[in-house]
Amino acid sequence: MKTTITAIKADIGSIGGHICPSKKLLTSVENYIKEYKKDLIVDYRISYTGDDIAFLFTHFLGKDNKDVHKLAWDTFKYGSEVAESQGLYGAGQDLLKDSFSGNVKGMGPAVAELSFKERPNEPFLFFAADKTDPGAYNLPMYLSFSDPMYNSGLILSSPMSKGFRFKIMDVSHTENDRLIELNTPEDLYDIASLLRDPERFVVESIDSVDSGEQAVSVSTTRLRNIAGKYTGKDDPIALVRVQGSFPATGEVLAPYNIGPYVAGFMRGSHTGPLMPVKQNTSVSFFDGPPVVSCAAYCVRDGILTEPVDAFDHPYWDQVRTRISEKATEIRKQGFFGNAMLPYSELEYGGIVEKLDKLEQQFYNRDKDVLSEVEETDMVS
Ligand code: F6R
Ligand code: MG
Ligand code: MG
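The model shown is predicted, which means the values in this text are computed figures rather than measured ones. (Residues numbered from 1 in each chain as written. Chains lettered and ligands numbered in written order. Predicted model: local features only at pLDDT ≥ 70, side-chain atom pairs only at ≥ 80, totals over all residues. Heavy atoms only, no water.)

Regarding the packing of aromatic side chains
Okay, so step 1: Counting across every chain of the model gives 16 aromatic pairs.
Okay, so step 2: Ring geometry for Phe55 against Phe76: centres 4.5 Å apart, planes inclined by 15°, an arrangement best described as stacked. Residue Phe55 is found in strand β3 (residues 52-59), and its partner Phe76 is found in helix α2 (residues 66-85); the two are separated by 21 residues along the sequence.
Okay, so step 3: What makes Phe76 buried here is its relative accessible area of 0%. (Phe/Tyr/Trp six-rings, centres within 6.5 Å; stacked < 30°, edge-to-face > 60°. Helix = DSSP H or I, 4+ residues; strand = E, 2+ residues; numbered from the N terminus. Buried < 20%, exposed > 50% of the residue type's maximum accessible area, 1.4 Å probe, protein only.)

So this is what it looks like as structure tokens:
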């Protein structure tokens, strides 16, 4: 029998702007799940990162299971009412479609799922990011799964030396899912060529070439693509199976010390460094910086251990200090250049109106001077 881990997260309202959900909201959704989970799910955990609430469910019903997704959807709907009753900001903001159609994918919430026959021991990691989009995982996943500078197992472990299969989605293609599958090490440069553009190409999953087993699932939803307008950044989640023929936990965590600049931050329209934070951390500086949390678990027969907070360790304190400095540095240049996202990625429409108005005031020097001369010639 296969165990399935379903992680689903959404922003359904938060205190004081987009900071974090209220205690009442968290307790209410937990009580709702307890009451309605029945025999559907085996175990669950609830956490938050910034203004997003994440559910982690285990069950034996496989990926994309309608009833499991419905439980998450109904809980978020119920939670939105609680958020509204408390006057929380952005109540229900990530629930973009009115009625449930069988799968929460494409309806607003972010989804990542893994289904597998449990190994004799089954460790995995659950990542949740806020104030950024799914491409934020491109660099850490690339380094953990394909670079021996971060993953010594690629040299030291025979199964891992066979490489990994990356499934990459073109998230700007909105009509349907457009995907490509490439293998390491042979397609490394092609993979890098795509992943360098995280707003367009996003790692969706990674499988072990040796076992064919899936190691990674990343939520690839882009809210803007669903809604056709800004509704909040996509705030992606990811599940990663670790150890054995997969990278060790430390090899998966290591690249998060870079704090790479990613899209998101204030109004989903800026560039900021991705900061690894403890679970249940709020956001603050300039509605950010973009944050990512990581809970480590083991699972047996669908029963989860307690979470261990992977970024709650003295090592990460100095990383956070350095990344705070990166955030301060880029904020010094305000709207200028790379500090703000290119036009195509801006999440607010106000600038379009400004530029449309300015468009009317532009003139072409040569052409306009020429036509003035022509007019004078004609008169004389
Ligand atoms: C970013 C985010 C915030 C808001 C900002 C303005 O993901 O959620 O930065 O964009 O606080 O919020 P609104 O437009 O809701 O007033
Ligand atoms: Mg929000
Ligand atoms: Mg959020």
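Some details on helix α1 (residues 23-36)
Residues spaced three or four apart along an α-helix face the same direction, because each turn holds 3.6 residues.
Okay, so step 1: Over its 14 residues, α1 extends 20 Å from the first C-alpha to the last, a length consistent with the 20 Å expected when each residue adds 1.5 Å.
Okay, so step 2: Among the residues making up α1, those that are buried are Leu25, Leu26, Ser28, Val29, Tyr32 and Ile33. Buried residues of α1, viewed axially, fall in a sector of 165°; they line one side. Residues of α1 that are exposed and point over 90 degrees away from its buried face: Lys23 and Glu35.
Okay, so step 3: Structurally, α1 contributes buried residues whose contacts are with β2 (43-49), β3 and α2. (Expected span 1.5 Å × (residues − 1). Arc of directions from axis to C-beta. Contact = heavy atoms within 4.5 Å.)

Observations regarding unusual backbone geometry
Okay, so step 1: With an omega dihedral of -5°, the bond running from Thr184 to Pro185 counts as a cis peptide bond.
Okay, so step 2: Structurally, Pro185 can be placed in the loop between β7 (179-183) and α6 (188-195).
Okay, so step 3: Geometrically, the link from Gly288 to Pro289 is a cis peptide bond, its omega value of -5° lying close to zero.
Okay, so step 4: Unusually for a residue other than glycine, Phe286 sits at a positive phi of about 50°.
Okay, so step 5: A relative accessible area of 25% means that Phe286 is categorised as partly exposed.
Okay, so step 6: One non-glycine residue with positive phi stands out, namely Asp287, at about 50°.
Okay, so step 7: Residue placement: Asp287 occurs in the loop between β13 (275-277) and β14 (291-300).
Okay, so step 8: Overall, the relative accessible area of 28% leaves Asp287 in the partly exposed class.

Concerning the coordination of the magnesium ion (ligand 3)
Okay, so step 1: Looking at the metal site, the magnesium ion (ligand 3) is ligated by Asp51 (OD), Asp52 (OD), Asp130 (OD) and Asp235 (OD), spaced 2.0 to 2.5 Å from it.
Okay, so step 2: Every donor residue of the magnesium ion (ligand 3) comes from the same chain, spaced as D-D-x77-D-x104-D.
Okay, so step 3: Between the magnesium ion (ligand 3) and the magnesium ion (ligand 2), a separation of 3.8 Å is found, and both are coordinated by Asp51. Taken as a pair, Asp51 in the loop between β2 and β3 and Asp235 in the loop between α7 (223-227) and β10 (237-241) lie far apart in primary sequence, 184 residues in all. Of the two residues, Asp51 and Asp235, neither departs from the other in class, the shared state being buried. (Donors = N, O, S within 2.8 Å, 3.2 Å for Na, K, Ca; no water.)

Looking at α2
Okay, so step 1: Here α2 contains 20 residues, and its C-alpha end-to-end distance of 28 Å stays within 8% of the 28 Å for a straight helix at 1.5 Å per residue.
Okay, so step 2: Turning to α2, its buried residues are Val68, His69, Leu71, Ala72, Trp73, Thr75, Phe76, Gly79, Ser80, Val82 and Ala83.
Okay, so step 3: Buried residues along α2 sit against β1 (3-10), α1, β3 and β4 (110-116).
Okay, so step 4: If you check the start of α2, you find a side-chain oxygen 3.0 Å away from the backbone N of Asp67, and it comes from Asn65.
Okay, so step 5: Trailing α2 by a residue or two, Gly87 shows a phi angle of about 70°, which is positive. (Polar contact = N/O pair within 3.5 Å; in protein donor to acceptor, adjacent residues only side chain to side chain.)

Remarks on the coordination of the magnesium ion (ligand 2)
Okay, so step 1: For the magnesium ion (ligand 2), every protein donor is listed as Asp11 (OD), His18 (ND1) and Asp51 (OD), and the spread of their distances is 2.0 to 2.6 Å.
Okay, so step 2: Every donor residue of the magnesium ion (ligand 2) comes from the same chain, spaced as D-x6-H-x32-D.

Observations regarding the pairing of β1
Okay, so step 1: With 8 of 8 residues buried, β1 lies mostly within the body of the structure.
Okay, so step 2: Burial of the side chains of β1 extends over both faces: Thr3, Ile5, Ala7 and Lys9 are buried on one face and Thr4, Thr6, Ile8 and Ala10 on the other.
Okay, so step 3: Note: β1 against β4, 7 bridges, orientation antiparallel. Bridge assignment links Thr4 to a residue of β4, and that residue is Ser115.
Okay, so step 4: Pairing of β1 with β3, which is carried by 7 bridges, proceeds in the antiparallel orientation. Counted as the bridge partner of Ala10 is Ile53 from β3. (Pairing = 2+ DSSP bridges.)

Side note on the pattern of salt bridges
Okay, so step 1: Taken as a whole, this structure holds 17 salt bridges when the rule is applied.
Okay, so step 2: Ionic pairing is found between Arg45 and Asp43, a salt bridge with its closest N-O pair at 3.3 Å.
Okay, so step 3: What makes Arg45 partly exposed here is its relative accessible area of 23%.
Okay, so step 4: Judged by relative accessible area, Asp43 falls into the buried class, the value being 12%.
Okay, so step 5: Residue Arg165 is joined to Glu181 by a salt bridge in which the shortest nitrogen-to-oxygen separation is 3.0 Å. Remark: Glu181 occurs in strand β7 and Arg165 occurs in strand β6 (residues 164-170); sequence separation between them is 16 residues.
Okay, so step 6: When its relative accessible area of 32% is taken as the criterion, Arg165 is described as partly exposed.
Okay, so step 7: Ionic contacts of the salt-bridge type, sharing partners, join the residues Arg119, Glu122, Glu213 and Arg241 into one network. (Salt bridge = Lys/Arg side-chain N within 4 Å of Asp/Glu carboxyl O.)

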